Amino acid sequence: EVARAVATGFATYIADIRRLNLTLGEAILAFERYSEEKASRLLAATAINYPTLRGLNWVDARGRVLASSHPQLVGVSLADRPYFQQLQAGAGWALGDLTPRGKDADRPVFAIATALRDDSGAVLGMVVAGIEPTRLGELILTGPRPAGGAYALFDRHGTVVFASRFPDLGWDERQRWQQSDHLLRRALQSGREQLGPVRLAVPGEEWFSARIPLADLG
């Protein structure tokens, strides 16, 4: 129940950010007179109201940042990011894998990107939200949690995105987690829910755990 509640909470969070991205993109496209400064002000004012956001970027069809809540990112290319390539290939939105650091952060980040298209399907622009996992906290827990329990999120490679008891894990520890988590490995390989005891090397304790794949999110 706890694992399913976390899965539901995280899926709801992703959907909320996707809607935010779409609303921002539509607003920028509707500007009577577009300017990078005006778009950047809108993105910065919006990001302030969302504590989990590292930043918001307005990106062109070639992957170049046109406007950003972090002005120093204007002109930076995101074309090498897998999520950008997914949007280029026709996806409406894409969830990026966790990376050791972002373009504007020394901490791990992941991206939620949404494409804005014309009636023919051509990309008009993209909004990319950068998320700092350490800021997720209780936001993704929407159901009960047993006393002393914990919860975690992993990306499709098995890297720890967020662990409630260990929010500041180093990058090596985030990647090493799955080495001792046989339930996680089985869930990644099979795409099916897994349940049972597991002795984890990172916390150094044995847990009775559930692993719930999020097929739609990865």
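Structure report, in brief. (Residues numbered from 1 in each chain as written. Predicted model: local features only at pLDDT ≥ 70, side-chain atom pairs only at ≥ 80, totals over all residues. Heavy atoms only, no water.)

1. Examining the packing of aromatic side chains
Across all of its chains, the model carries four aromatic pairs by this definition. Taken together, a centroid distance of 5.9 Å and an interplanar angle of 65° make the contact between F154 and W177 edge-to-face. Taken together, the residues F154 in strand 6 (residues 152–154) and W177 in helix 4 (residues 171–180) connect sequence positions 23 residues apart. Clustering of aromatic rings is evident, with ring pairs tying together F10, Y13 and F110. Geometry around F31 places K38 over its ring, the cationic atom sitting 4.5 Å from the centre. (Phe/Tyr/Trp six-rings, centres within 6.5 Å; stacked < 30°, edge-to-face > 60°. Helix = DSSP H or I, 4+ residues; strand = E, 2+ residues; numbered from the N terminus. Lys NZ or Arg CZ within 6 Å of the ring centre and 35° of its normal.)

2. Regarding the pattern of salt bridges
In this structure the tally under the stated criterion is 12 salt bridges. One salt bridge in this structure joins R81 and D80, with 3.9 Å as the shortest N-O distance. The shortest N-O distance in the salt bridge between R107 and E132 comes to 3.2 Å. Note that R107 is positioned in the loop between strand 3 (93–95) and strand 4 (110–117) and E132 in the loop between strand 5 (123–131) and strand 6, a separation of 25 residues in sequence. A residue is classified by how much of its surface remains accessible, and R107, at 37% relative accessible area, is partly exposed. E132 sits in the buried class, given a relative accessible area of 3%. Through salt bridges that share partners, R54, R107, E132 and R135 make up one connected network. (Salt bridge = Lys/Arg side-chain N within 4 Å of Asp/Glu carboxyl O. Buried < 20%, exposed > 50% of the residue type's maximum accessible area, 1.4 Å probe, protein only.)

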